[in-house]
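Each chain, written out:
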Amino acid sequence: TIASRNARVAYGELLPRAPFPLLLPEELPDGLVPHWTTLRVTARRADAPVPRQYGVIVRYRGLDADTPWLLLLIDTGEEGEWVLDQLRQHGQRVPVRGTEGVAFEGLPEYDGPGSGLLWAENGVRLVLFGSYPRTRLQEIADTMESHEAAPLPEPPAPYPWR
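Heads up: these notes are all about the structure in this document. These numbers come from a predicted model, not from an experiment. (Residues numbered from 1 in each chain as written. Predicted model: local features only at pLDDT ≥ 70, side-chain atom pairs only at ≥ 80, totals over all residues. Heavy atoms only, no water.)

The next point concerns the overall build of the protein. A count of helical and extended segments in the protein gives three helices and 10 strands. Starting at the N terminus, the α and β elements of the protein follow one another as β-α-β-β-β-β-α-β-β-β-β-α-β. Counting across all 162 residues of the protein, residues that qualify as buried make up 38%. Restricting to contacts in the protein with at least 6 residues of sequence separation, those with at least 24 account for 56%. Put simply, the protein shows about 9,900 Å² of open surface, and 52% of that area lies on carbon and sulfur atoms. (Helix = DSSP H or I, 4+ residues; strand = E, 2+ residues; numbered from the N terminus. Buried < 20%, exposed > 50% of the residue type's maximum accessible area, 1.4 Å probe, protein only. Contact = heavy atoms within 4.5 Å. Areas by Shrake-Rupley, 256 points an atom, 1.4 Å probe, with all protein chains shown as cover.)

Below you can see the structure in the form of structure tokens.
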């Protein structure tokens, strides 16, 4: 009843392909650049009461292995909420972009150790995680700007014999 598809996409293709608005940093520290991105779609049966869930992972890094790194997770829907609840339970409440977020240490199943911020904005959940202290992550979050969703494709033209 549930199927997830992940696709690595070039960063330049992320905006034209993302089916939901993305909040992306406009200013990155220490010469960080996008290293890789993943676009995820979790589809359910057509009659399922829960809508599709979309997600994006963007990994930023410098030119060599010793430079800091940054991971951005953007997600719609409610799947995986238990992981976020764990981060909220053990984290510290902090202001992020005019809303209440949570600062935490360590992120299960990702590059650790590191610091992170978790918050929700405009119908999406966001995690900014990396080798920076919380205050620097908050500064990076403040530079983030919204990018509109990719337009839906035009429906196919009807057959002339119909």
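A word on the pattern of salt bridges. As enumerated under the stated definition, the model contains five salt bridges in all. Notably, a salt bridge pairs glutamate 121 with arginine 97, separated by 2.8 Å at the nearest N-O pair. Here the residue glutamate 121 occupies a position in strand S8 (residues 115-121), and arginine 97 occupies one in the loop between strand S6 (92-96) and strand S7 (99-105), the gap between them amounting to 24 residues. Taking the relative accessible area as the measure of exposure, arginine 97 reaches 26% and is therefore partly exposed. Among the salt bridges present, the one from glutamate 139 reaches arginine 136, with a minimum N-O distance of 2.8 Å. (Salt bridge = Lys/Arg side-chain N within 4 Å of Asp/Glu carboxyl O.)

Right, let's get into the environment of phenylalanine 129. Of note, phenylalanine 129 is situated in strand S9 (residues 124-130). Taking the C-alpha atoms as reference points, phenylalanine 129 and serine 115, separated by 14 residues in sequence, lie 5.6 Å from one another.

This part takes up the packing of aromatic side chains. A complete count under the given rule lists three aromatic pairs for this structure. Relative to tyrosine 60, the ring of tyrosine 11 lies with its centre 6.4 Å away and its plane at 70°, an arrangement referred to as edge-to-face. Residue tyrosine 11 is found in helix H1 (residues 11-17), and its partner tyrosine 60 is found in strand S4 (residues 53-61); the two are separated by 49 residues along the sequence. By relative accessible area, which is 1% here, tyrosine 60 ends up buried. Of the aromatic side chains, those joined through ring pairs into one cluster are Trp69, Phe104 and Phe129. (Phe/Tyr/Trp six-rings, centres within 6.5 Å; stacked < 30°, edge-to-face > 60°.)

With that out of the way, let us pick up helix H3 (residues 134-142). Within H3 the residues assigned to the buried category are Leu137, Gln138, Ile140 and Ala141. Looking straight down H3, one finds its buried side chains confined to an arc of 160°; they lie on one side. Packing partners of the buried residues in H3 comprise strand S2 (22-25), strand S5 (69-75), S6, S8, S9 and strand S10 (144-147). (Arc of directions from axis to C-beta.)

What follows deals with the nonpolar core. Counting 29 residues, the largest nonpolar core has Leu72 and Ile74 as the members making the most contacts within it. Contributing elements (two or more residues each) for this core: S2, S4, S5, S6, S8, S9 and H3. Examining the composition of this core, we find that four residues originate from one element, S4, more than from any other. Contact partners of leucine 72, with chain neighbours within four places excluded, come to Leu23, Leu24, Pro25, Val56, Ile57, Val58, Tyr60, Leu126, Val127, Leu128 and Met144. Within the second largest apolar cluster, nine residues are counted, among which are Trp69, Leu71, Phe104 and Phe129. (Core = buried A, V, L, I, M, F, W, Y, C linked by side-chain atoms within 4.5 Å.)

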